[in-house]
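Structural features, examined
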Amino acid sequence: MVEITDVVCSLCGCVCDDIVVEVEDNKVTKVKKGACAVGKSKLMGHGRIEEPAIRENGSLKACSYDDAIKKAAEILAAARRPLLYGWSSTVCEADKVGVELAEEIGAVIDNTASVCHGPSVLAIQDVGLPSCTLGEVKNRADLIIYWGANPAAAHANHMKRYSYISKGYWTEEGKKNKKLVVVDVRRTATAKMADVFLQIEQGKDYLVFSALRALLYGYEDVVPDEVGGISKKDLLETVKMMKESKFGITFFGMGVTHTRGRHNNIVNAIEMTRAAHTHTKFSIMPMRGHYNVAGINQVCTWETGFPFAVDLTRGYAWYNPGEVSATDLLIRRECDAALIIASDPGAHFPGESIRHLAKIPVIQIDPFANPTTEFADVVIPAAISGVEAEGNVYRMDNIPIRLRKLVDTEYIADEEIMKRILDEVRAIREKGGN
Amino acid sequence: MGTKVNLISGRTIVQGQNLDNKLSEAYFNEVATCELNGSDMEKLGVAADERVKIKTSFGEVVVKAKEKAGTPEGVIFIPMGPWANALVSGDTHGAGMPSYKGIDAEIEPTEEEILQVKALMKTYME
Ligand code: SF4
């Protein structure tokens, strides 16, 4: 048995990096400390896609890696408008090859931001983001707001490691000297811990951000007695807490991005942060979901100039979420083949978009079978990044962290799979003379 | 006609624990469900673990009802995943993001079976 310390969790955007596990016979046998229930489940592992496979007459037939990669390359080389989607649950090194492949074949490349924090990206491009690192939150913040986010379920270590419950340099007393405000439609487990819980009417986030802005700028007279289901009294109390804090932060989740108003909600949230700056230090940060969705946004931006929904069919990068984002492309039945890596649109796309995806040739690269596997035509099993393969990822505050390899595996890592597909595609294109 | 409700979706711990295990019983039991406030359950005449059918203009799905006190009246919550998404429109209003929350839906008790993940995916292949 070997004990491995400083293990990094490859599940959610918290990217916890102080986990201790035990490894025996090349298997993680125990997660000793550091991981939440969700991270622990990831590290302990689940049933795998055992072999590469190609669908023949409706069912998947096992084949070699070489054959699956060759078939994938043939599909991509022949496609006129391929979609390369996912990239958030793998490492930046694989993402980089993905962008190169998109350029080579003239594909649309999109990542899971388009169904989680895409609207946040649009808002940030509009008005900027007064943000900070999670280290600064830990060491300085005495007022934490979770808005449309339920870290108790989705980012279970977030409060303990970085925010309300953590103890830092200027926050050594932990939650004793901190305040927690939660804004949500439901009284969630996070809401139950709050000093102030604002139970907002679904879809009224924009109004409440506006009311708080007005109050922060001193225009109490324009705010009615109730806004979006929240009493003026509670809004005034929240504003008092914001003004009195030494360092405040709003963490917002998909409760805000998935709702009517989308990026406009986030623009207003950022403007609320600016209004708070007239009184104190205030920051704001999206609660990124997948452990490396921030990383693919980084890689895609270095390589193409844009973080998601990038169309490379023209020979230059064309960025237009709403037109070339994955769900839109699928609804218009525009793409004629898709490579899905490290994500599961079968589970997480609207039914309406899956209908087209299920009908075109789909290549899936993933360690685990999931709803996407049900209609994938080529299935390529991958090593689990952060357990069987190492590489760089970006935490939700855009801090790069290197995932560690804990055990050996026969499965090939995403980066190598992508490189081999790219090589095959180039060979086919050279032969075809195009 | 069913009762009109506002449908939202989101993460749960068990859903997260089974993200890499979506073809499992544990995922099915957690995600093919719908959380409602107790008084809404009473009005609908459904008890915990009984089945409900939810319809939107984009699709319909059968899931198991669960009582959850923190859910406001008139709102239903389905954990994010294939069952919730069977009800979601792909229209992103030009923003790239589908409306996963705040969907007009109707809910009613039903005796129909809940589709397992594989069967649900098959409906997209027809
Ligand atoms: S909070 Fe997120 S990164 Fe940390 S252990 Fe849990 S799942 Fe992993």
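Residues numbered from 1 in each chain as written. Chains lettered and ligands numbered in written order. Predicted model: local features only at pLDDT ≥ 70, side-chain atom pairs only at ≥ 80, totals over all residues. Heavy atoms only, no water.

**Focus: a nonpolar patch on the surface**
A surface patch of nonpolar side chains, amounting to about 340 Å² of accessible area, comprises Tyr217, Tyr219 and Val222 of chain A. Within the element layout of this structure, Val222 of chain A appears in the loop between helix H9 (205-216) and strand E11 (226-227). (Patch = residues over 30% accessible without salt bridge, like charges linked within 9 Å, V, L, I, M, F, W, Y side chains within 5 Å. Areas by Shrake-Rupley, 256 points an atom, 1.4 Å probe, with all protein chains shown as cover. Salt bridge = Lys/Arg side-chain N within 4 Å of Asp/Glu carboxyl O. Helix = DSSP H or I, 4+ residues; strand = E, 2+ residues; numbered from the N terminus.)

**Section: the pairing of strand E5 (residues 59-62) of chain A**
Residues in a regular strand project their side chains so that they alternate between the two faces of the sheet. Residue and element names in this part refer to chain A. With four bridges connecting them, strand E4 (residues 53-56) and E5 associate as antiparallel partners. When the bridges of E5 are listed, Arg55 appears paired with Leu60. Between E4 and E5, which pair antiparallel one after the other, the connecting turn spans two residues, and Asn57 there sits at a positive phi close to 45°. (Pairing = 2+ DSSP bridges.)

**Remarks on the sheet that holds strand E6 (residues 82-86) of chain A**
Residue and element names in this part refer to chain A. As summarised here, the arrangement of the nine strands in space is E5-E4-E19-E18-E17-E6-E7-E15-E16, forming an open sheet in which the pairing is mixed. Two strands bound the open sheet, and with one partner strand each, they are E5 and strand E16 (318-319). When E6 meets strand E17 (residues 337-341), the two strands line up parallel, connected through five bridges. Note that in E17 the partner of Pro82 across the bridge is Ala337.

**Quick notes on the nonpolar core**
If you look at the biggest cluster of nonpolar residues, it comprises 66 residues, and the most contacted ones within it are Cys34, Ile54, Trp83 and Ile107 of chain B. Composition of this core by domain shows at least three residues from each of domain 2 (48-115 + 291-431) and domain 3 (118-286) of chain A. (Core = buried A, V, L, I, M, F, W, Y, C linked by side-chain atoms within 4.5 Å. Buried < 20%, exposed > 50% of the residue type's maximum accessible area, 1.4 Å probe, protein only. Domains from an automatic or database assignment.)

**Observations regarding the domain arrangement of chain A**
Residues and elements named next belong to chain A. Here chain A is described as being made up of domain 1 (2-42), domain 2 (48-115 + 291-431) and domain 3 (118-286). Summarising the inter-unit geometry, the C-alpha centres of domain 1 and domain 2 are found 26 Å apart. Facing 18 residues of domain 1, the contacting portion of domain 2 comprises 15 residues. Approximately 1400 Å² of surface area, both sides summed, lies buried where domain 1 meets domain 2, with 65% of it carried by carbon and sulfur atoms. There are zero salt bridges connecting domain 1 and domain 2. In this assembly, domain 1 and domain 2 are joined by five residue pairs in polar contact (both at pLDDT 80 or more). Looking at the side of domain 1 that touches domain 2 element by element, the count peaks at four residues for strand E1 (residues 2-7). (Contact = heavy atoms within 4.5 Å. Buried area = accessible area lost by both parts, 1.4 Å probe. Polar contact = N/O pair within 3.5 Å; in protein donor to acceptor, adjacent residues only side chain to side chain.)

**Considering the pattern of salt bridges**
Following the criterion strictly, the structure yields 35 salt bridges over all chains and no others. For Glu374 of chain A, the salt bridge is made with Lys118 of chain B, and the minimal N-O distance between the two is 3.5 Å. With Glu374 of chain A in the loop between strand E18 (362-366) and strand E19 (378-381) and Lys118 of chain B in helix H5 (residues 117-125), this pair bridges two chains. Take Glu374 of chain A: its relative accessible area is 15%, and that puts it in the buried class. For Lys118 of chain B, a relative accessible area of 44% corresponds to the partly exposed category. Several salt bridges share partner residues, and in doing so they unite Arg81, Asp311, Arg314, Arg332 and Glu334 of chain A into one network.

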